Amino acid sequence: MLLNLPRHAVAVVAAAVLVSLTTGCGGGSTKAVCEDALKALQDYSTQAAAGAGNLEAFNTAAADLAAKLKDLSGKADGDLKATLTDLSTTWGGFKIDVSDPAAATQLTKFSTQATDATQRLAKNCS
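Asker: Explain the overall build of the protein chain to me, please; I cannot follow it from the model alone.
Answerer: Check the secondary structure of the protein chain and you find five helices and zero strands. For the protein chain, the N- to C-terminal ordering of α and β elements is α-α-α-α-α. Relative to its full complement of 126 residues, the protein chain shows a buried share of 39%. When contacts within the protein chain are restricted to residue pairs at least 6 apart in sequence, long-range pairs at least 24 apart make up 71% of them. Of the roughly 6400 Å² of accessible surface on the protein chain, a fraction of 54% belongs to carbon and sulfur atoms.

Have a look at this one:
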């Protein structure tokens, strides 16, 4: 199970990105922030898939996404800002360590948090 964690994490991210891609973006500066957030998620999905066999690359991609989402939250207001902050916190706190016996539990928690936050992003950007 632990050796499959990167594959499971990529699947979680892919599902989250698909949820996000089904939305339109709002108007004005919200539209630009939403488009940038969607691009960051797409880029992460690509990087995560490419790094599925390399945990360090996978973890670096997660940290990079967290930083991008944090920057974007500074450009947003209200619910969108809160959602981007939550996404940044979620991805910033996610690191795969197959030597950790709680890794599978952490993946489940991450999956739930990521799905919730991306659904809120979809709602905020529609």
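Asker: How should I be thinking about helix 4 (residues 78-92) in this particular structure?
Answerer: Three or four residues apart is the spacing at which side chains of an α-helix point the same way, because the helix has 3.6 residues per turn. With 15 residues, helix 4 extends 21 Å between its outermost C-alpha atoms, agreeing within 8% with the 21 Å of an ideal straight helix rising 1.5 Å per residue. For helix 4, every residue scored as buried is listed here: Leu80, Thr83, Leu84, Leu87, Ser88, Thr90 and Trp91. All buried residues of helix 4 project into a common sector of 165 degrees when viewed along the axis, lining one side. Exposed residues pointing more than 90 degrees away from the buried face of helix 4 are listed as Gly78, Thr89 and Gly92.

Asker: How should I be thinking about the packing of helix 3 (residues 55-73) against helix 4 in this particular structure?
Answerer: When two helices pack together, you describe them by how their axes are tilted relative to each other and by the distance separating the axes. Packing of helix 3 against helix 4 leaves a shortest axis separation of 8 Å and a crossing angle of 160 degrees. What the angle tells us is that helix 3 and helix 4 run roughly antiparallel. In the crossing of helix 3 with helix 4, the sense of the turn from one axis to the other is left-handed. Here Ala62, Leu65, Ala66, Leu69, Lys70, Leu72 and Ser73 of helix 3 come into contact with helix 4, specifically with Lys81, Leu84, Thr85, Leu87, Ser88, Trp91 and Gly92. Across the contact of helix 3 with helix 4, the residue classes break down as eight nonpolar, four polar and two charged.

Asker: Hey, could you run me through the environment of Lys68 in this one?
Answerer: Following the sequence through the fold, Lys68 ends up in helix 3. Owing to a relative accessible area of 36%, Lys68 belongs among the partly exposed residues under this scheme. Separated by 27 residues in the primary sequence, Lys68 and Leu41 have C-alpha atoms spaced 9.5 Å apart. When residues no more than four places from it in sequence are discounted, the contact partners of Lys68 are Ala40 and Asp43.

Asker: How should the packing of helix 4 against helix 5 (residues 103-124) be read in this particular structure?
Answerer: Interhelical geometry of helix 4 versus helix 5 gives an angle of 155 degrees and a closest axis separation of 9 Å. The orientation of helix 4 with respect to helix 5, classified from their angle, is roughly antiparallel. Where helix 4 crosses over helix 5, the handedness of that crossing is left-handed. Contact with helix 4, carried on its side by Asp79, Leu80, Thr83, Leu84, Asp86, Leu87, Thr90 and Trp91, involves Phe110, Gln113, Ala114, Ala117, Thr118, Arg120, Leu121 and Asn124 of helix 5 and no other residues of that element. Its residues assigned to classes, the contact of helix 4 with helix 5 comprises eight nonpolar, five polar and three charged.

The rules behind these values
Residues numbered from 1 in each chain as written. Predicted model: local features only at pLDDT ≥ 70, side-chain atom pairs only at ≥ 80, totals over all residues. Heavy atoms only, no water. Helix = DSSP H or I, 4+ residues; strand = E, 2+ residues; numbered from the N terminus. Buried < 20%, exposed > 50% of the residue type's maximum accessible area, 1.4 Å probe, protein only. Contact = heavy atoms within 4.5 Å. Areas by Shrake-Rupley, 256 points an atom, 1.4 Å probe, with all protein chains shown as cover. Expected span 1.5 Å × (residues − 1). Arc of directions from axis to C-beta. Axes fitted to C-alpha atoms, helices over the stretch in contact; angles between N-to-C directions. Parallel < 35°, antiparallel > 145°, perpendicular 65-115°, else oblique. Left-handed = near helix turned anticlockwise from the far one by under 90°. Nonpolar A, V, L, I, M, F, W, Y, C, P; charged D, E, K, R; others polar.

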